[in-house]
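# Architecture at a glance
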Amino acid sequence: MTNRSDDQWNRPLRDLRISVIDRCNFRCRYCMPEEIFGHDYPFLPKERILTFEEITRLSRIFVSLGVTKLRITGGEPLLRKDLSSLIHSLTQLEGVEDIAMTTNGVFLPKYAAALREAGLARVTVSLDSLDDERFRRMNGGKSSVKAVLDGIDAAAQAGMQVKINMVVQKGFNDQDIVPMADYFQKKKHILRFVEFMDVGNTNGWKLDQVVSKQQILHTIHEHMPLEPVPPQYTGEVATRYRYRDREGEIGIISSVTDAFCSTCTRARISAEGSLYTCLFASQGYELRTMLRSEQSDDEIRAYVERVWRGRTDRYSEERLTHTQRTLSKIEMSHIGG
Ligand code: SAM
Ligand code: SF4
Ligand code: SF4
């Protein structure tokens, strides 16, 4: 049934991903390559970044439009000072059923306990390899595998549910698929393999660098047989599989070879307060000016609703028929995946 607030493809608004900062302590090649995001890169000045009060107000407005799930991301969200206080405010919003965060993990030993206490129950930690050399090559040489694994352990010890995201890029870390699966099966954390995506304009994406969902499945299945698990809800981003002969499951996020736009219920807000209706959008809808003017919640709500109702995005379903596309797209580090 079509709802008044659904978009042009009858998709409701259910998830909001909030980037709290555009800076990062890593320089992952597929996200913020050092040669572009160098010393003199013009990151946002503080006054252009939404305050926690503004983020909370916007979240309340989005929740009134149907959002039930929030995800905090970045840049690296844990570079934002006192993030726990934002988490605490968001947990107080009536109608929010789930709050999660995506992080590179290295600050978790410092902050995990406070985040958990503030109400954060779930965290996704990104890790692309267990081999320090390959990890550094992919992530800009800024940290170590051990630092991320310590972060994962700290989050688990603090009582959070931890999932791991691994971006798989051919020729960089495809040999890590099985060791990663094995390690996190033993650790009892769900590992999700993410197909390398053509987000932004800077990562030099080519289709032949993508390791497809089918290839990932095949690789793991040869060592540890898998079987599909039905989705828990419509619009689940990862396709799930469980091990046949042991505990545990994995997920595959196949935005390139098996797109899931038809059930995409996600909106994104950049650190400077623009609304994006697709990860691959080239245009955002500025909300910060509205927040900082005399506009009421109802006026902002009506604007967001109008934008969502007009939404036609289905980039991933169209990607392979638009390989020559030269659109200027928002960078991943601005809207956080
Ligand atoms: N800094 C945090 C982190 O890395 O977890 C949060 C922001 S990061 C942009 C969010 C997620 O996007 C990470 O899991 C990262 O691996 C993923 N990502 C970034 N660029 C990507 C790309 N080109 N293809 C697929 N995933 C990507
Ligand atoms: Fe930073 Fe995350 Fe992007 Fe890596 S993927 S550069 S950790 S924002
Ligand atoms: Fe959603 Fe855009 Fe990704 Fe499709 S390409 S699943 S519409 S964010």
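Not measured: the values here are computed from a predicted model.

### Notes on the overall build of the protein
A tally of helices and strands in the protein yields 11 helices and 12 strands. Computed over its C-alpha atoms, the radius of gyration of the protein comes to 19 Å, within 12% of the 20 Å expected for a compact globule of 337 residues. Projected onto the principal axes, the alpha-carbon positions of the protein cover approximately 60 × 45 × 40 Å. Here the protein holds 337 residues, and the buried ones make up 56% of them. Just so you have it, the protein exposes about 15,400 Å², and 48% of that area is on carbon and sulfur atoms.

### So, the nonpolar core
With 101 residues, the main nonpolar core has F62, F193 and I220 as its most contacted residues. With sequence-adjacent residues up to four places away left out, F62 is seen in contact with L13, L16, V67, A267, I269, L275, L287 and V304.

### Details of the pattern of salt bridges
A side chain of one charge can pair with a side chain of the opposite charge when the charged atoms of the two come close. Scanning all chains against the criterion turns up 26 salt bridges. The salt bridge partner of R134 is D176, with a shortest N-O separation of 2.7 Å. Taken as a pair, R134 in helix α4 (residues 132-139) and D176 in the loop between β5 (161-168) and α6 (177-187) lie far apart in primary sequence, 42 residues in all. Taking relative accessible area as the criterion, R134 reaches 19% and is therefore assigned buried.

### Quick look at the environment of E222
Note on placement: E222 falls in helix α7 (residues 213-223). Separated by 44 residues in sequence, E222 and V178 have C-alpha atoms that sit 9.5 Å apart.

### With respect to the UniProt feature "binding site: [4Fe-4S] cluster 2" (unreviewed entry) in the protein
The positions that UniProt labels "binding site: [4Fe-4S] cluster 2" (unreviewed entry) are, in the present scheme, C261, C264 and C278. Spatially, the listed residues are clustered: although they cover 18 residues, their C-alpha atoms lie within 9.4 Å of one another. Within the secondary structure, C261 sits in the loop between β9 (249-253) and β10 (266-269). Not counting the four nearest positions on each side in its chain, C261 is found in contact with R11, R314, Y315, S316 and E317. Its place among the elements puts C278 in the loop between β11 (274-276) and β12 (285-286).

### Focus on the site of ligand 2
Contacts to ligand 2 come from C24, F26, C28, C31, M32, G75 and N104. Among the residues forming the shell around ligand 2, the class breakdown is five nonpolar, two polar and no charged.

### What about the environment of I99?
With respect to the helices and strands, the residue I99 is situated in strand β3 (residues 98-103). Spatially, the C-alpha atoms of I99 and L120 are 6.4 Å apart, while their sequence positions differ by 21 residues. Excluding anything up to four places from it in sequence, I99 contacts L70, I87, L90, T91, L120, A121 and R122.

What counts, and at which threshold
Residues numbered from 1 in each chain as written. Chains lettered and ligands numbered in written order. Predicted model: local features only at pLDDT ≥ 70, side-chain atom pairs only at ≥ 80, totals over all residues. Heavy atoms only, no water. Helix = DSSP H or I, 4+ residues; strand = E, 2+ residues; numbered from the N terminus. Rg over C-alpha atoms; globule rule 2.2 N^0.38 Å. Buried < 20%, exposed > 50% of the residue type's maximum accessible area, 1.4 Å probe, protein only. Areas by Shrake-Rupley, 256 points an atom, 1.4 Å probe, with all protein chains shown as cover. Core = buried A, V, L, I, M, F, W, Y, C linked by side-chain atoms within 4.5 Å. Contact = heavy atoms within 4.5 Å. Salt bridge = Lys/Arg side-chain N within 4 Å of Asp/Glu carboxyl O. UniProt positions renumbered as here; feature names shortened; annotations may be inferred. Near = heavy atom within 4 Å. Nonpolar A, V, L, I, M, F, W, Y, C, P; charged D, E, K, R; others polar.

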